[in-house]
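Structural features, examined
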Amino acid sequence: MSANRRRAVTVAGLAVVLTVAIAVLPGHRGWFDVGVYHGAVGHWARGGDLYQWTTGNGYGFTYPPFAAVSMLPMTALAWYPTIVANLLLTALAVAFLLHLLVDPVARRHGWSRWYALALSCCLLAGLNPVRDTVSFGQVNLVLVALVYLDLWLLERGSRLAGVGTGLAAAVKLTPAVFIGYLLVTGRWRAAVTAVGTAVAATAVTAAFAPDATRTFFTEALWDTDRVGRLAYVSNQSVLGVVARLDPMHPDRRLWVALVAVVLVVWATRVRRAVRNGNERAGFAVTGVVACLVSPVTWVHHLVWLVPGLVAIAASTLPWPPADPTSRRRARAGVAAYVVLCSGLVWVFANGSAGPLGFLGANAYVWVSVGMLVLLPVGHGSPVTANRVMPQRHLDSAVASRSFENSPPRLR
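Small disclaimer: the values here were computed from a predicted structure and weren't measured.

This part is about the overall build of the protein chain. Secondary structure assignment for the protein chain yields 20 helices and two strands. Computed over the C-alpha atoms, the radius of gyration of the protein chain is 22 Å, within 12% of the 22 Å expected from 2.2 N^0.38 for a compact globule of 411 residues. The buried share of the protein chain, reckoned over its 411 residues, is 47%. Within the protein chain, contacts between residues at least 6 apart in sequence are counted, and of these 71% link residues at least 24 apart.

Written out as structure tokens, the structure reads:
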């Protein structure tokens, strides 16, 4: 059997196994979130209050008004075409992300590009956060793609870098942490562009929908009951851990202290990543931090960890890794992937008492913490995806490499 045929059989086999598992195992969310979008935005378009509309069990629209404006085209669609449109947008986002993150790795190691991308797509589909994003009809992967559009633009020195992050932050507040990344790493132009884009999108929306804008920023934004219980096992953030320690009275001071520690570690690591010319590691670490510091990080939000998994995998190649550090990182990466595929946290959905419950109910948080600390932020290639980095970053990367490669007596 030829190599290409073996690869095709491998991909087909994985796809069949995943399709059967997803179809048979419990966990399909019935397009619940896209149903909320469709219902709330349709109600708003007909003259109703965007933030007063709720489902039968009390869930309503929780995003800024600009998100509703972005979703207005779905009001022209019936229910099933809306689902199809959501799936197509998600598929486009996945195609862009895999091309951006995986294709350079495949080319660097001389792999068959179709095989690397097809295999990555299967591995991606196995992740619990990805499965939930798709079956909820969520917008998470689209937002990740918008933010990573800025990575693509930054690597090319484009003046438009920041637009993607600004639009994503105007749709949902979590991606705003990437504006913090741009500031911490000295990307002033991109940071200003991101802030300006987010403010402009919000301001234009406010001009056309002042009531919805006022309601969101004065009421809905601060009402955590709109999104669900903080202690619910699906909330895999630092605040979720704190809330599960005492569901009735979460210790906010403890949460603030832990978030401060996380942010210090994050700032240190992303600065090092950029000094080493490793922008992709900086973005990956920031995605991890977004999940940890957000007050509410539902399981489907953890798609922000996907670039970190790719970064870990890329750092252990060629396979098998030769040095002990890479072997340990490879084992940790495989363990993280298996846990994120497993749906382990749902085992504790009805109770998380005792040490085992505490460990299991917060399993995805532990994965995020591990990735924050262990993601490789060392030297990246000065040339990414066959395009040269901006000269000032190239000079920095070359200088750093020269120092690392100099004899000890010259340091």
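The next point concerns the layout of surface pockets. Within this model, the largest pocket holds a volume of roughly 1200 Å³. Breaking the lining of the largest pocket down by element, the ones donating at least two residues are α2 (32-45), α14 (252-275) and α15 (279-293). Its residues assigned to classes, the lining of the largest pocket shows 24 nonpolar, ten polar and seven charged.

With that out of the way, let us pick up the packing of aromatic side chains. Tallied over the entire structure, the rule returns 15 aromatic pairs. Ring plane angle 35° and centroid distance 5.4 Å describe the contact between Phe 178 and Trp 304, whose orientation is recorded as tilted. Highlighted residues: Phe 178 in helix α10 (residues 177-184) and Trp 304 in the loop between α15 and α16 (306-315), separated in sequence by 126 residues. Here the two residues Phe 178 and Trp 304 agree in accessibility, since each one is buried. Between the aromatic rings of Tyr 232 and Trp 298, the centroid separation amounts to 6.4 Å while the plane-to-plane angle is 65°, which identifies the pairing as edge-to-face. With Tyr 232 in the loop between α12 (210-218) and α13 (238-245) and Trp 298 in the loop between α15 and α16, this pair connects stretches of sequence that are 66 residues apart. By relative accessible area, which is 31% here, Tyr 232 ends up partly exposed. An aromatic cluster of three or more residues is present, and its members are Tyr 37, Tyr 51, Phe 61, Tyr 63, Phe 216 and Phe 217. In this arrangement the basic side chain of Arg 7 is found over the ring face of Tyr 115, its NZ or CZ atom lying 5.5 Å from the centre.

Moving on to the pattern of salt bridges. Throughout the structure, instances matching the rule amount to eight salt bridges. Its salt-bridge partner being Arg 107, residue Asp 103 comes within 3.0 Å of it at the nearest N-O pair. In this pair, Asp 103 and Arg 107 both sit in helix α5 (residues 103-108), four residues apart, roughly one turn of the helix. Overall, Asp 103 belongs to the buried group, its relative accessible area being 1%. Residue classification places Arg 107 among the partly exposed residues on the basis of a relative accessible area of 28%. Arg 214 serves as the salt-bridge partner of Asp 211, at 2.5 Å between the closest nitrogen and oxygen. A residue pair is termed a helical-turn pair when its members lie 3 or 4 positions apart in one helix, as Asp 211 and Arg 214 do in helix α12 at three residues.

Another aspect to go through is a nonpolar patch on the surface. A surface patch of nonpolar side chains, about 440 Å² in accessible area, is lined by Leu 359, Trp 366, Val 369, Val 373 and Leu 374. Here the element with the most residues in the nonpolar patch is helix α19 (residues 363-374); it accounts for four residues. Along the polypeptide, Val 369 turns up in helix α19.

Between α2 and helix α4 (residues 79-101), the shortest axis-to-axis distance is 10 Å and the interhelical angle comes to 120°. By the angle between their directions, the pair α2 and α4 is classed as oblique. Where α2 crosses over α4, the two elements pack in a sense that is right-handed. On α4, the residues that touch Val 34, Gly 35 and His 38 of α2 are Trp 79, Thr 82, Ile 83 and Asn 86. For the contact of α2 with α4, the residue count by class is three nonpolar, four polar and no charged.

Relative to the helices and strands, His 300 resides in the loop between α15 and α16. A polar contact is formed between the side chain of His 300 and the side chain of Asn 140, at a distance of 3.0 Å. In this structure, His 300 is in contact with Asp 33, Pro 129, Asp 132, Thr 133, Phe 136, Gln 138 and Asn 140, ignoring residues within four places of it in sequence.

Next up on the list: the packing of α16 against helix α17 (residues 324-342). Taken N-terminus to C-terminus, the directions of α16 and α17 make an angle of 150°; their axes are 9 Å apart at the nearest point. In terms of orientation, α16 lies roughly antiparallel with respect to α17. Handedness of the crossing formed by α16 with α17: left-handed. Two secondary-structure elements touch here, α16 through Leu 309, Ile 312 and Ser 315 and α17 through Ser 326, Arg 329, Gly 333, Ala 336, Tyr 337 and Leu 340.

Structural remark: α-helix, 3.6 residues per turn; residues separated by three or four positions point the same way. For α10, the complete set of buried residues consists of Val 177, Phe 178, Ile 179, Tyr 181 and Leu 182. Taken together, the buried residues of α10 touch α8 (140-155), α9 (163-171), α11 (188-208), α14 and α15.

Turning our attention to the nonpolar core. The nonpolar side chains of a soluble globular protein tend to be buried, and buried together. Counting 105 residues, the largest nonpolar core has Phe 61 and Tyr 148 as the members making the most contacts within it. At ten residues, the largest contribution of residues to this core is made by α15. Look past the residues within four positions of Tyr 148 in its chain and what remains in contact with it is Phe 96, Leu 97, Leu 100, Leu 101, Phe 283, Ala 284 and Pro 307.

Once that is clear, we can look at the confidence of the model for the protein chain. A residue-level look at the protein chain finds 91% of positions with pLDDT of 70 or above and a mean pLDDT of 88. The model gives residues 381-411 a pLDDT under 50, and that stretch makes 39 contacts with residues more than four places away or in other chains.

The residue after Leu 317, namely Pro 318, is reached through a cis peptide bond having omega 0°. By the element assignment, Pro 318 lies in the loop between α16 and α17. The phi torsion at Trp 31 lies on the positive side, around 55°, for a residue other than glycine. Locating Trp 31 in the fold gives a position in the loop between α1 (3-24) and α2.

The rules behind these values
- Every chain begins its residue count from 1, and numbering advances along the sequence as written.
- A pLDDT threshold of at least 70 governs which residues receive local features in this predicted model, and a stricter bar of 80 or more applies before side-chain atom pairs are shown or counted, although totals over entire chains, interfaces and linings include all residues.
- To obtain the side-chain values, all non-hydrogen atoms of the structure were included, while hydrogens and water were left out.
- The helix and strand labels rest on DSSP assignments: H or I over at least four residues marks a helix, E over at least two residues marks a strand, and numbering proceeds from the N terminus.
- As defined in this context, the radius of gyration uses C-alpha atoms, and a globule is described by 2.2 Å times the residue total to the power 0.38.
- Here the term buried applies to any residue with accessible area under 20% of the maximum for its type, exposed to any over 50%, and partly exposed to those in between, with areas from a 1.4 Å probe on protein chains only.
- Note on contacts: a residue pair qualifies if any of its non-hydrogen atoms lie within 4.5 Å across the two residues.
- A pocket here means an open set of points on a 1 Å grid, computed over the protein atoms alone, that has protein on both sides within 12 Å along at least five of seven lines. A cavity is instead a set of points where a 1.4 Å probe fits but cannot get out; residues with an atom within 4 Å of a point line either one.
- Grid points are joined across faces, edges and corners, and a volume is the space filled by probe spheres set on the points.
- Residue polarity is assigned by list, with Asp, Glu, Lys and Arg as charged and Ala, Val, Leu, Ile, Met, Phe, Trp, Tyr, Cys and Pro as nonpolar; anything else, Gly included, falls into the polar class.
- Side-chain rings of Phe, Tyr and Trp (the six-membered ring for Trp) are treated as a pair once their centres are within 6.5 Å; stacked means planes under 30 degrees apart, edge-to-face means over 60, and tilted covers the remaining angles.
- By definition here, charges over rings are those cases where NZ of Lys or CZ of Arg is within 6 Å of the ring centre and within 35 degrees of the ring normal.
- We define a salt bridge as a contact between a side-chain nitrogen of Lys or Arg and a carboxyl oxygen of Asp or Glu at a distance within 4 Å.
- Like charges within 9 Å and nonpolar side chains (Val, Leu, Ile, Met, Phe, Trp, Tyr) within 5 Å are joined into patches, using only residues over 30% in relative accessible area that form no salt bridge.
- Each accessible area is a Shrake-Rupley result for a 1.4 Å probe, and residues are judged covered by the shown protein chains and nothing else.
- Note on definitions: angles span 0 to 180 degrees between N-to-C directions of axes, and those axes are lines fitted to C-alpha atoms, for helices only across the stretch in contact.
- Any angle that is under 35 degrees is reported as roughly parallel, and any over 145 degrees as roughly antiparallel; angles of 65 to 115 degrees are reported as roughly perpendicular and all others as oblique.
- Crossing handedness: left-handed means the near helix sits turned counterclockwise from the far one by under a right angle, and right-handed means the same turn made clockwise.
- For this analysis, a polar contact is any N or O atom pair within 3.5 Å, provided that within protein one partner can donate a hydrogen and the other can accept it, and provided that sequence-adjacent residues contribute only side-chain to side-chain pairs.
- In this text, buried Ala, Val, Leu, Ile, Met, Phe, Trp, Tyr and Cys residues form a nonpolar core when linked through side-chain atoms within 4.5 Å.
- Every residue is assigned a pLDDT by the predictor, reflecting its confidence on a scale from 0 to 100.

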